[in-house]
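A closer look at the structure
Below are the chains, spelled out letter by letter.
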Amino acid sequence: DLYAVNPYLSARADIDIPYDLVDIRGSWKYHPTLNLQTVVGLGVRRTEREIVWESADVRTFVPTYRTATALELWSEALYRITERDQVSSAVRMRTTSLDSNQTSTYVEPLRLDLHYIRSWSSDLQSAISVQYVGKRRTNVHTNAEIDAYLNVTAALSYALGSGLKVQITADNLVNSSIMLWN
């Protein structure tokens, strides 16, 4: 699939399978009321043959496979303000260093998601979402980066019954330059 659907993949790319040498994860959940719940997690992973995207030449990438150590801290929260209103958030901080002490490419060092959902009736809902993704390295040998972006989305959905729902979504309301390479 990687070869078939990716026009930017170099013809000289090899495909390999990564495997974890160590993968330790833990989380703590706090749910004091029906209206509030939070969870915080931490993970450390050491992987052999982690895929690292490197520039092959103009407009193409070649995957290389390196030993990598990843550290991740994340948190999620949900708060029901009223029966009709809820706010949720997710924060993820991640770093991946390679065996050569370089930072891995295309890893989001910071991602923040905020969502507000309003139920106007049992059939009609509206939502607003804000997503921030930090700068990502694009080259292990230089400091080249993809800029951070902010994506604001608004949606309105209506349930027609029998499991059928119609939704209208307006994406990228702040007109950010969004580059998805993950």
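Located above this text is the structure these notes cover.
Residues numbered from 1 in each chain as written. Predicted model: local features only at pLDDT ≥ 70, side-chain atom pairs only at ≥ 80, totals over all residues. Heavy atoms only, no water.

**Thoughts on the overall build of the chain**
The number of helices and strands found in the chain is 1 helix and 10 strands. Scanning the chain from its N terminus toward the C terminus, one meets helices and strands in the order α-β-β-β-β-β-β-β-β-β-β. Every one of the 182 residues in the chain was classed for burial, and the buried ones make up 30%. Restricting the contact set of the chain to residue pairs at least 6 apart, pairs at least 24 apart contribute 46%. (Helix = DSSP H or I, 4+ residues; strand = E, 2+ residues; numbered from the N terminus. Buried < 20%, exposed > 50% of the residue type's maximum accessible area, 1.4 Å probe, protein only. Contact = heavy atoms within 4.5 Å.)

**Here's the deal with the pattern of salt bridges**
Tallying each qualifying case throughout the model produces 11 salt bridges. Measuring nitrogen to oxygen at the nearest pair gives 2.9 Å for the salt bridge that ties arginine 25 to aspartate 23. Looking at aspartate 23, the relative accessible area reads 38%, which means it is partly exposed. A cluster of three or more residues bridged by salt bridges with shared partners is formed by Asp23, Arg25, Glu72, Arg92 and Arg94. (Salt bridge = Lys/Arg side-chain N within 4 Å of Asp/Glu carboxyl O.)

**Looking at the side chain of arginine 45**
With respect to the secondary-structure elements, arginine 45 resides in strand 2 (residues 36-57). Within the structure, arginine 45 has its side chain in polar contact with the side chain of threonine 47 (distance 2.6 Å). (Polar contact = N/O pair within 3.5 Å; in protein donor to acceptor, adjacent residues only side chain to side chain.)

**Examining the packing of aromatic side chains**
Centre distance and the angle of the planes are the two values used to describe a pair of aromatic rings. What the rule picks out here adds up to 1 aromatic pair. One residue, arginine 118, lies across the ring of tryptophan 120, its end atom 4.6 Å from the ring centre. (Phe/Tyr/Trp six-rings, centres within 6.5 Å; stacked < 30°, edge-to-face > 60°. Lys NZ or Arg CZ within 6 Å of the ring centre and 35° of its normal.)

**Focus on the environment of arginine 66**
Take arginine 66: it is sitting in strand 3 (residues 60-80). C-alpha of arginine 66 to C-alpha of glutamate 50: the two residues are 16 residues apart in sequence and 5.3 Å apart in space. If sequence neighbours within four positions are ignored, arginine 66 has contacts with Thr47, Glu48, Arg49, Glu50, Val52, Glu54, Leu98, Asp99, Ser100, Gln102 and Val140. A polar side-chain atom of arginine 66 sits 2.7 Å from a polar atom in the side chain of glutamine 102.

**Focus on the pairing of strand 5 (residues 110-119)**
With 9 bridges connecting them, strand 4 (residues 85-98) and strand 5 associate as antiparallel partners. Residue pairing in the sheet places valine 91 in a bridge with leucine 112 of strand 5. Looking at chain direction, strand 5 and strand 6 (residues 124-133) are connected through 9 bridges and run antiparallel. Bridging across to strand 6, isoleucine 117 finds its partner in alanine 127. Once strand 5 ends, the chain turns through 4 residues before running back antiparallel as strand 6. (Pairing = 2+ DSSP bridges.)

**A look at the pairing of strand 10 (residues 164-170)**
Sheet analysis places strand 9 (residues 149-161) next to strand 10, joined by 7 bridges and oriented antiparallel. When the bridges of strand 10 are listed, glycine 161 appears paired with leucine 164.

**Considerations on unusual backbone geometry**
A positive phi angle is found at tyrosine 106, which is not glycine, with a value near 60°. Among the secondary structure elements, tyrosine 106 is positioned in the loop between strand 4 and strand 5. Phi is positive for serine 162, close to 55°, though the residue is something other than glycine. By the element assignment, serine 162 lies in the loop between strand 9 and strand 10.

**Focus: the environment of alanine 68**
Relative to the helices and strands, alanine 68 resides in strand 3. Given the relative accessible area of 1%, alanine 68 is considered buried. Distance from alanine 68 to arginine 49, taken between C-alpha atoms, is 7.8 Å for residues 19 residues apart in sequence. When residues no more than four places from it in sequence are discounted, the contact partners of alanine 68 are Arg45, Arg46, Thr47, Glu50, Thr96, Ser97 and Leu98.

**A few points about the side chain of asparagine 151**
Residue placement: asparagine 151 occurs in strand 9. Polar side-chain contacts of asparagine 151 include one of 3.1 Å to the side chain of aspartate 171.

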